[in-house]
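Summary of structural features
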Amino acid sequence: MSTRCRARYPADVKESVPTPSGRTSSEGVTRVAVIEVERLPRRFGDFEAVKAVSFDIGRGEIFGFLCPNGAGKSTTIIML
């Protein structure tokens, strides 16, 4: 069974300060990323608990990390 998590960003981002990575929202407004995670892995022997998780969280955003049970949410947060 494959489980996937997706990060979604709010449509009404009001920040206009450039991010270090230069990412912009779909409306063309530049976001300020205060936390950036790219391809974060975690293995326990042969078991891959977290597989290439990527997301970023902008200044002032409320971030929800929602996935099915066993998808690696707690492991990811503990690593951060």
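Residues numbered from 1 in each chain as written. Predicted model: local features only at pLDDT ≥ 70, side-chain atom pairs only at ≥ 80, totals over all residues. Heavy atoms only, no water.

So, about the pairing of strand S2 (residues 47-58). Looking at chain direction, strand S1 (residues 33-44) and S2 are connected through 8 bridges and run antiparallel. Opposite Arg-42, over in S2, you have Val-50 as the bridge partner. In this antiparallel pair of consecutive strands, S1 and S2, the connection spans 2 residues, and Gly-45 shows a positive phi of 65°. (Pairing = 2+ DSSP bridges. Helix = DSSP H or I, 4+ residues; strand = E, 2+ residues; numbered from the N terminus.)

Bringing the nonpolar core into the picture now. Counting residues in hydrophobic clusters, the biggest one holds 8 residues: Val-37, Leu-40, Ala-49, Val-50, Val-53, Phe-55, Ile-57 and Phe-65. Contributing elements (two or more residues each) for this core: S1 and S2. A per-element tally of this core places S2 first, with 5 residues. With residues near it in sequence (within four places) discarded, Leu-40 still touches Val-50, Lys-51, Ala-52, Val-53, Thr-76 and Met-79. (Core = buried A, V, L, I, M, F, W, Y, C linked by side-chain atoms within 4.5 Å. Buried < 20%, exposed > 50% of the residue type's maximum accessible area, 1.4 Å probe, protein only. Contact = heavy atoms within 4.5 Å.)

Throughout the structure, instances matching the rule amount to 3 aromatic pairs. Judged by centre distance (4.9 Å) and plane angle (20°), the ring pair of Phe-55 and Phe-63 falls under stacked. Overall, Phe-55 belongs to the buried group, its relative accessible area being 4%. An aromatic cluster is defined as three or more aromatic residues linked by ring pairs; in this entry it consists of Phe-55, Phe-63 and Phe-65. (Phe/Tyr/Trp six-rings, centres within 6.5 Å; stacked < 30°, edge-to-face > 60°.)

Tracing the chain through its elements places Thr-75 in helix H1 (residues 73-79). Sequence spacing of Thr-75 and Arg-42 is 33 residues, and the spatial spacing of their C-alpha atoms is 8.0 Å. Discounting residues that sit within four places of it in the chain, Thr-75 has contacts with Arg-42, Phe-44 and Val-50.

What follows concerns the confidence of the model for the chain. Taken residue by residue, the chain gives an average pLDDT of 75. The fraction at 70 or more is 64%. Taken together, the stretch residues 8-19 has pLDDT below 50 and engages in 25 contacts with residues farther than four places along the chain or on a different chain. (pLDDT = per-residue confidence, 0-100.)

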